[in-house]
Amino acid sequence: MKVVFQGNDIADVSEIQSVSVITADKRIEVHVKRKTGETEEKVYDLPIRKSSFKRTWAEEVAKDLERFSEAPNTPIEQVIASTAWARGYLQVKLDVNSDTSARGLACLCWYRSLSGNRTVEQLELRTGLSADEIEKIASTDSYKQHVKDLIFKERDADEFKKWVVTDWGENMPARFGKIMRLSKETATELINSVAEKHGIDLSELKGSLTPRRKNTIPNSDLVPERTIGSGNSSVYLYYYPQYRESSESKGEKVWECKIGRTIHGEADGRIRGQATGLPESPKIGLHIKTDRPKEIERIIHGILKVRRKHIEEAPGREWFLTSPNEVEEIYKFIGESSRESAS
């Protein structure tokens, strides 16, 4: 494991003598002892962008470097979780086929967007991977999941809204995708997924991703297969045909379905916003019209969770292993006319 200093000087972490944060000059100072025939001491100023200097993370970098200098054989899992590596001061060798590498590359690209170092050469230097190996990792589902986790972890709901609308605007998918080594379509899918997890409807945010929905789903694909109940709002179930076909080919009667709700609106508009950038059009398997969508949705979710049908690892909180028939049976069991059952 090595530390990369300004000017591409490289030193083993075991050679670090001390590290300090100089607040006044906004820099991290590293004192290194090298053995080149005779002991040579050199002081390095780590290259911090002064406009983005934060004492908290600078202190974390200093602590990381000191800790690694005392334990140069630290497991790579701990290294890539460090601020020092994320911010660009450590060079490691990643394994192209490792989930650890996928997580590490996601962290590196994420923090790279903050530090301004966006070249492939910088990624190659920091990871020990070739450009082709970097692209291979970035194409995996594991990498995409780690990117999504980072977005959700680093941006709470309010910060996420500001990030999407104010900081980036409608060009966000292309710009964010470029930084994270993702296609514009994949970046859009991940952003929409995190929005859903935060409970945010991007279609209601001015200047958000709504302009990308011009290649929208045909109206014919969003005609509900079955509509029941009455009211001005709705609870809906939709699924992707490939999920149903895969399950039925195995003789199974349930598959991955999303159950959500709309208030004073049709289900198709809500679903269009959630399905942007995905490879096939969803099917609305069940459309329940109601004036109490929040209550009905909550009870259906609750019963399916009791039946252990909730898919916890899916993006968002509304995916279940179920079917339109099962959900309709639950709705009939609830009894729309009984307010007592929905309270």
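Since this is a predicted model, take the numbers as computed values, not measurements. (Residues numbered from 1 in each chain as written. Predicted model: local features only at pLDDT ≥ 70, side-chain atom pairs only at ≥ 80, totals over all residues. Heavy atoms only, no water.)

With that settled, consider the overall build of the protein. Looking only at helices and strands, one finds 14 helices and 11 strands in the protein. Considering the protein as a whole, with its 343 residues, one finds that 48% of them fall into the buried category. Restricting the contact set of the protein to residue pairs at least 6 apart, pairs at least 24 apart contribute 65%. As displayed, the protein has an accessible area near 17,800 Å², and 46% of this comes from carbon and sulfur atoms. (Helix = DSSP H or I, 4+ residues; strand = E, 2+ residues; numbered from the N terminus. Buried < 20%, exposed > 50% of the residue type's maximum accessible area, 1.4 Å probe, protein only. Contact = heavy atoms within 4.5 Å. Areas by Shrake-Rupley, 256 points an atom, 1.4 Å probe, with all protein chains shown as cover.)

Strands in a sheet are paired, the pairing made by backbone hydrogen bonds, and the direction either parallel or antiparallel. Spatially, β2-β1-β6 is the arrangement adopted by the 3 strands of the open sheet, whose pairing is antiparallel. Lying at the two open borders of the sheet, with one neighbouring strand each, are β2 (10-12) and β6 (90-91). Bridging between strand β1 (residues 2-4) and β6 involves 2 bridges; their strand directions are antiparallel. Of the residues in β6, the one forming a bridge with K2 is Q91. (Pairing = 2+ DSSP bridges.)

Below, the discussion takes up the pattern of salt bridges. Applying the stated rule across the entire model yields 11 salt bridges. Of the charged contacts in the structure, one is a salt bridge between E318 and K258, with a shortest N-O distance of 2.4 Å. Of the two residues, E318 is situated in the loop between α13 (293-306) and β11 (319-322) and K258 in strand β9 (residues 255-262); the sequence distance between them amounts to 60 residues. An identical accessibility class is assigned to E318 and K258; each is buried. Residue K309 pairs with E326 through a salt bridge whose shortest N-O separation is 2.9 Å. Of this pair, K309 sits in the loop between α13 and β11 while E326 sits in helix α14 (residues 324-334), placing them 17 residues apart in sequence. The burial state of K309 is the same as that of E326; both residues are buried. (Salt bridge = Lys/Arg side-chain N within 4 Å of Asp/Glu carboxyl O.)

Reading across from one edge, β7-β10-β8-β9-β11 is the order of the 5 strands in this open sheet, with mixed pairing throughout. Looking along the sheet, the strands with just one partner apiece sit at the ends: β7 (227-229) and β11. Each neighbouring strand pair of the sheet contributes to a mean axis angle of 25°, computed without reference to strand direction. Pairing geometry for β9 and β11, over 4 bridges, is antiparallel. Bridging across to β11, K258 finds its partner in W319. Its contacts with the sheet place α13 against β8 (233-239), β9, β10 (283-290) and β11, and it is angled at close to 155° to β9. (Axes fitted to C-alpha atoms, helices over the stretch in contact; angles between N-to-C directions.)

With that settled, the discussion passes to the environment of L129. Along the chain, the position of L129 falls in the loop between α5 (120-127) and α6 (131-138). Taking the C-alpha atoms as reference points, L129 and L94, 35 residues apart in sequence, are found 6.8 Å from one another.

What follows is about the environment of D45. Among the secondary structure elements, D45 is positioned in strand β5 (residues 38-46). Considering only alpha carbons, one finds D45 and I22, 23 residues apart in sequence, at a separation of 9.6 Å.

Let us now look at the nonpolar core. Grouped together as the largest cluster of nonpolar side chains are 58 residues, with contacts concentrated most on V30, L65, Y143, F160 and F176. Setting aside chain neighbours within four positions, we find F160 in contact with I151, R155, I191, V194, A195, H198, I200 and L202. (Core = buried A, V, L, I, M, F, W, Y, C linked by side-chain atoms within 4.5 Å.)

Regarding α6, the residues found buried are I134, I137 and A138. Down the axis of α6, the buried side of the element spans an arc of 100°, and every buried residue falls inside it. (Arc of directions from axis to C-beta.)

Bringing unusual backbone geometry into the picture now. One non-glycine residue, R181, adopts positive backbone phi at about 65°. Of note, R181 is situated in the loop between α9 (172-179) and α10 (184-198). With a phi close to 60°, R308 is a non-glycine residue in the positive phi region. By the element assignment, R308 lies in the loop between α13 and β11. Accessibility expressed as a relative area gives 77% for R308, which makes it exposed.

A few words on the side chain of T290. Along the chain, the position of T290 falls in strand β10. Assessed through its relative accessible area of 0%, T290 is described here as buried. At 2.9 Å, the side chain of T290 forms a polar contact with the backbone nitrogen of R292. (Polar contact = N/O pair within 3.5 Å; in protein donor to acceptor, adjacent residues only side chain to side chain.)

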